[in-house]
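Working through the structure, step by step
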Amino acid sequence: MGSSVNARTGVSIAVYKPREFDASNPVYEVETWDADDNMTERMVNISEVDPADCDEVEMAAYTWYLSNSGKCPAAFLLFAGAREHHRTSRPGYSNDSVFEKRDWVELFREYMQMQYMAGNRKGYLEHKELLGFLE
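Residues numbered from 1 in each chain as written. Predicted model: local features only at pLDDT ≥ 70, side-chain atom pairs only at ≥ 80, totals over all residues. Heavy atoms only, no water.

**Observations regarding the pairing of strand 2 (residues 12–16)**
Threshold: For every residue, the accessible area obtained with a 1.4 Å probe (protein chains only) is divided by the maximum for its type, and the residue is called buried under 20%, exposed over 50%, and partly exposed between those limits. Numbering of helices and strands starts at the N terminus; helices are DSSP runs of H or I of at least 4 residues and strands are runs of E of at least 2. A pair of strands is labelled paired if DSSP reports no fewer than 2 bridges between them.
Counting buried positions over the five residues of strand 2 gives four, a clear majority of the element. The sheet contact formed by strand 2 and strand 3 (residues 27–33) spans five bridges and is antiparallel. Pairing of Ala-14 across the sheet is with Glu-31, part of strand 3.

**Looking at the pattern of salt bridges**
The cut-off we apply is this: When a carboxyl oxygen of Asp or Glu is within 4 Å of a side-chain nitrogen of Lys or Arg, the pair counts as a salt bridge.
For the structure shown, the criterion picks out eight salt bridges. Across the salt bridge formed by Glu-58 and Lys-101, the nearest N and O atoms sit 3.4 Å from each other. You can see Glu-58 sitting in helix 1 (residues 56–69) and its partner Lys-101 sitting in the loop between helix 2 (75–89) and helix 3 (104–117), a full 43 residues away along the chain. Where Arg-102 meets Glu-100, a salt bridge forms, and the shortest distance between an N and an O atom there is 3.7 Å. With a relative accessible area of 13%, Arg-102 lands in the buried category. Taken together, the shared-partner salt bridges in this structure form one network comprising Glu-56, Arg-83, Glu-100 and Arg-102.

**Topic: the nonpolar core**
Counted only if it meets this: Working definition of a nonpolar core: buried Ala, Val, Leu, Ile, Met, Phe, Trp, Tyr and Cys residues. They are joined through side-chain atoms within 4.5 Å. What makes two residues a contact is simply this: any of their non-hydrogen atoms within 4.5 Å.
Residues Val-15, Met-59, Leu-66, Phe-108, Leu-130 and Leu-134 are the most contacted members of the largest nonpolar core, which totals 33 residues. Listed by contribution, the elements that provide at least two residues to this core are strand 2, strand 3, helix 1, helix 2, helix 3 and helix 4 (121–134). Element by element, the count of residues in this core is highest for helix 1, at eight residues. What Leu-130 contacts, discounting residues up to four positions off in sequence, is Leu-66, Cys-72, Ala-75, Leu-78 and Phe-108.

Right, here's the structure in full:
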């Protein structure tokens, strides 16, 4: 299971591999909780996720898949960091924003550039690897 919590908004996301998981058609269960502890469940088919046009729920499942499959082991943690940065650097973020579609490829590109400008070569290279899977 992968999980991510935003302390500022109180939104939590947890990704689970269902018991009937089929690696040839990966589908993950994603649960989200808002600050009022309301839970939403959704099944996400990885083959249907477009990283350039998806919400946080889909991106959480996609990056968990990349991490869990070993294709990009740090993908989910990188998503959690970029997600937090996006939430704190963009005005108007709300609990409902978790369901808004956005271009995660561009957001990761921006975050990767920030890592480079901060002199964090390791962070830059990790995000560059992830972008290779997203593009």
